[in-house]
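# Residue-level structure breakdown
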Amino acid sequence: METRFNFFLKIWRAIFKVLVISMPILIAGRLLGGCVTYQVVRNLEGTDVVAPGDEFQVGTTTLEDTLALLGAPTTVVELEGQDLLLYQQIVMRQKRLSVGLPLLNALGTNISFSGSRGRANYDTLALFFTPDRILRQVVFEKGTSQPYKKPTSK
Amino acid sequence: MNSKSGKLIVLLILTFVSGCFGFGKNQDYQPLDAGKLEKLVKGQTTATEVGALFGAPSQVVKMSNGNAYIYTHSVAKGTAVWLLLVSFGNYDKQYDQIIFFFDNNDIMTHYGASFDARDSSYGNPF
């Protein structure tokens, strides 16, 4: 009888030790979970935009050729007698850190701090056409190859 | 490593890795039927006929020598992982798009079509 009692006593002591160690961690984790958050979000919109090749010749390539090669542009704009076709892909990265004190909610006040950093990079191919729909100008920029962090120069 | 520190590490991992995973899909506008493009004839089909086939355009743009009707359908897929203190998300939005160019007499002269919405994917959030 006494042996069995000692056995249960040992088990109970072991459980108590685990609870003593784990409770502060679990409580701290739950509290921190409500007030400290760090978000990392990546947003991709549109398909790849490739650099224009030799098939695009100013003065000869037509709007029809362009549409057959590249498909529908992202958007079209009329600019003082010229038609602009824009092909675009957007890659956006955002990081956000929030720190708050939810314990103060019970008191009717809430203190929170947050900071975010985001960057949207664009791959853009801009094709300008005359009213006769002949290619007049080509502009291409590969923005998504830029690093997320701006390189620092010394 | 003694048993106490081992338990502590397990508890720390369980505490900070607890979280959940989510994913979602969002669509804008009606899906576009590529098969209807075969019914169109450049230089003959009118803006009215295009409207009858595809419905109201998402956008109409005034061009230098006519108008452009833009039909869009987008599919966006997102994935997210919430850990205790950190969350990661990935969002991918792709488009089906048809742009019809009309002259000043509302006759379709050109069109361009891209069908990429199906390429939208549930990407890795990390």
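What this report covers is the structure whose coordinates are included nearby. Numbering of residues begins from 1 in every chain and follows the order in which that chain's sequence is written. Chain letters start at A and ligand numbers start at 1, both assigned in the order the entries are written. Local features in a predicted model are, by the rule used here, given only for residues with pLDDT of at least 70; side-chain atom pairs are given and counted only at 80 or more, and totals for whole chains, interfaces and linings are based on all residues. Note: side-chain values were computed over all heavy atoms of the structure, leaving out hydrogens and water.

Only DSSP runs of H or I covering at least 4 residues are called helices, and only runs of E covering at least 2 are called strands; the numbering of each starts at the N terminus. For chain B, the count of helices and strands is two helices and five strands. Element order for chain B, N to C, with α for helix and β for strand: α-β-α-β-β-β-β. Across the 126 residues of chain B, 41% fall into the buried class. Contact definition: two residues touch when any of their heavy atoms are within 4.5 Å. Considering only contacts in chain B between residues 6 or more positions apart, those separated by 24 or more positions represent 62%. With an accessible surface of roughly 6,800 Å², chain B has 55% of that area assigned to carbon and sulfur atoms. Exposure is judged per residue with a 1.4 Å probe applied to protein chains only, and the accessible area is read against the type maximum: over 50% gives exposed, under 20% gives buried, and values in between give partly exposed. Note on areas: these come from Shrake-Rupley sampling with a 1.4 Å probe, and a residue is covered only by the protein chains present in the view.

The next thing to look at is a nonpolar patch on the surface. Each patch is built from residues lacking any salt bridge and having more than 30% relative accessible area; the joining distance is 9 Å for like charges and 5 Å for nonpolar side chains (Val, Leu, Ile, Met, Phe, Trp, Tyr). A pairing counts as a salt bridge when a side-chain nitrogen of Lys or Arg comes within 4 Å of a carboxyl oxygen of Asp or Glu. A cluster of nonpolar side chains, contributed by F7, F8, I11, W12, I15, F16, L19, V20, M23 and I27 of chain A, occupies part of the molecular surface with about 980 Å² of accessible area. You can see I15 of chain A is positioned in helix α1 (residues 2-35).

Positive phi is not limited to glycine here, since R133 of chain A has a value of about 70 degrees. Inspection of the secondary structure assignment puts R133 of chain A in the loop between β4 (112-129) and β5 (135-142). Taking relative accessible area as the criterion, R133 of chain A reaches 7% and is therefore assigned buried. Positive phi values are uncommon outside glycine, yet D106 of chain B reaches one of about 60 degrees. Overall, D106 of chain B belongs to the partly exposed group, its relative accessible area being 32%.

Let us look at the layout of surface pockets. Here the idea is plain: a probe the size of a water molecule rolls over the atoms and shows the empty space left. Of the two site types, the cavity is a set of points on a 1 Å grid over the protein atoms alone where a 1.4 Å probe fits but cannot get out, and the pocket is an open set with protein on both sides within 12 Å along at least five of seven lines, each lined by residues with an atom within 4 Å of a point. Grid points are joined across faces, edges and corners, and a volume is the space filled by probe spheres set on the points. Quantified by volume, the largest pocket comes out at close to 430 Å³. Surrounding the largest pocket, 19 residues form its lining, G46, T47, A72, T74 and Q88 of chain A being those nearest its centre. Contributions of two or more residues to the lining of the largest pocket are made by β3 (82-100) of chain A together with β4 (86-102) of chain B. Under the scheme applied, nonpolar residues are Ala, Val, Leu, Ile, Met, Phe, Trp, Tyr, Cys and Pro; charged residues are Asp, Glu, Lys and Arg; polar residues are all the others, including Gly. Counted by class, the lining of the largest pocket contains nine nonpolar, seven polar and three charged residues. Of the volumes computed, that of the second largest pocket is approximately 160 Å³.

Below, the discussion takes up the side chain of D92 of chain B. As for its position among the elements, D92 of chain B is in strand β4. A polar contact is formed between the side chain of D92 of chain B and the backbone nitrogen of S121 of chain B, at a distance of 3.1 Å. Beyond its immediate stretch of four places on either side in the chain, D92 of chain B contacts L44 of chain A together with V75, A76, K77, D119, S120 and S121 of chain B. By the criterion applied in these results, polar contacts are pairs of N or O atoms within 3.5 Å in which, for protein atoms, one can donate a hydrogen and the other can accept it, and in which residues neighboring in sequence qualify only through two side-chain atoms.

Burial in helix α2 (residues 63-70) of chain A covers these residues: L63, T66 and L67 of chain A. Each buried residue of α2 of chain A sits inside an arc of 95 degrees when the element is viewed along its axis, so together they form one side. On its buried face, α2 of chain A is in contact with β3 and β4 of chain A together with β4 and β5 (108-115) of chain B. Taken from the residues just after α2 of chain A, G71 of chain A is the one with a positive phi, measuring 80 degrees. Taken from the helix axis, the directions to the C-beta atoms give the arc we talk about.

The next point concerns the interface of chain B and chain A. Note: interface size is frequently given as the accessible area lost on complex formation between the parts. The interface is formed by 39 residues belonging to chain B together with 39 residues belonging to chain A. For any pair of parts, buried area is found by adding up, for both, the accessible area (1.4 Å probe) each one loses once the two are put together. A buried area of about 3,200 Å², summed over both sides, lies between chain B and chain A, and 60% of it is on carbon and sulfur atoms. Put simply, chain B and chain A have one salt bridge between them. Put simply, chain B and chain A have 18 residue pairs in polar contact (both at pLDDT 80 or more) between them. With 15 residues, the single largest contributor to the side of chain B that touches chain A is β4 of chain B. The residue makeup of the side of chain B that touches chain A, split by class, is 19 nonpolar, 13 polar and seven charged. A pair of strands is treated as paired once DSSP finds two or more bridges between them. Pairing geometry for strand β1 (residues 36-45) of chain A and β4 of chain B, over eight bridges, is parallel. Within β4 of chain B, the residue paired with E45 of chain A across the bridge is K93 of chain B.

Residues and elements named next belong to chain B. Each pair of aromatic rings taken from Phe, Tyr and Trp, with Trp reduced to its six-membered ring, is defined by centres within 6.5 Å and is described as stacked if the planes are under 30 degrees apart, edge-to-face if over 60, and tilted in the remaining cases. As enumerated under the stated definition, the model contains eleven aromatic pairs over all chains in all. Aromatic side chains F23 and Y122 sit 5.7 Å apart centroid to centroid with 80 degrees between the ring planes, which places their arrangement in the edge-to-face category. Taken together, the residues span a long stretch of sequence, with F23 in strand β1 (residues 20-28) and Y122 in the segment after β5 at a distance of 99 residues. When its relative accessible area of 61% is taken as the criterion, F23 is described as exposed. Put simply, the rings of F54, Y69, Y71, F100, F102 and Y111 touch in pairs and so form one group of aromatic residues. Taking NZ or CZ as reference, K36 lies 5.9 Å from the ring centre of F54, over its face. Criterion for a charge above a ring: Lys NZ or Arg CZ within 6 Å of the ring centre, and within 35 degrees of the ring normal. Across the ring face of Y111, the terminal group of K42 is positioned such that the distance to the ring centre comes to 5.1 Å.

Moving on to the nonpolar core. Put simply, buried Ala, Val, Leu, Ile, Met, Phe, Trp, Tyr and Cys residues joined by side-chain atoms within 4.5 Å make one nonpolar core. Within the largest apolar cluster, 18 residues are counted, with the highest numbers of intra-cluster contacts made by V76, L85, Y87 and L127 of chain A together with A68, I99 and F101 of chain B. If you list the elements that add at least two residues to this core, you get α2, β3 and β4 of chain A together with β2 (59-63), β3 (66-82) and β4 of chain B. Per element, the largest residue contribution to this core is three residues, and it comes from β4 of chain A. When sequence neighbours within four positions are dropped, the list of residues in contact with A68 of chain B reads V76 of chain A together with Q59, V60, V61, M63, I99, F100 and F101 of chain B. Within the second largest apolar cluster, twelve residues are counted, among which are L32, L40, F100 and M108 of chain B.

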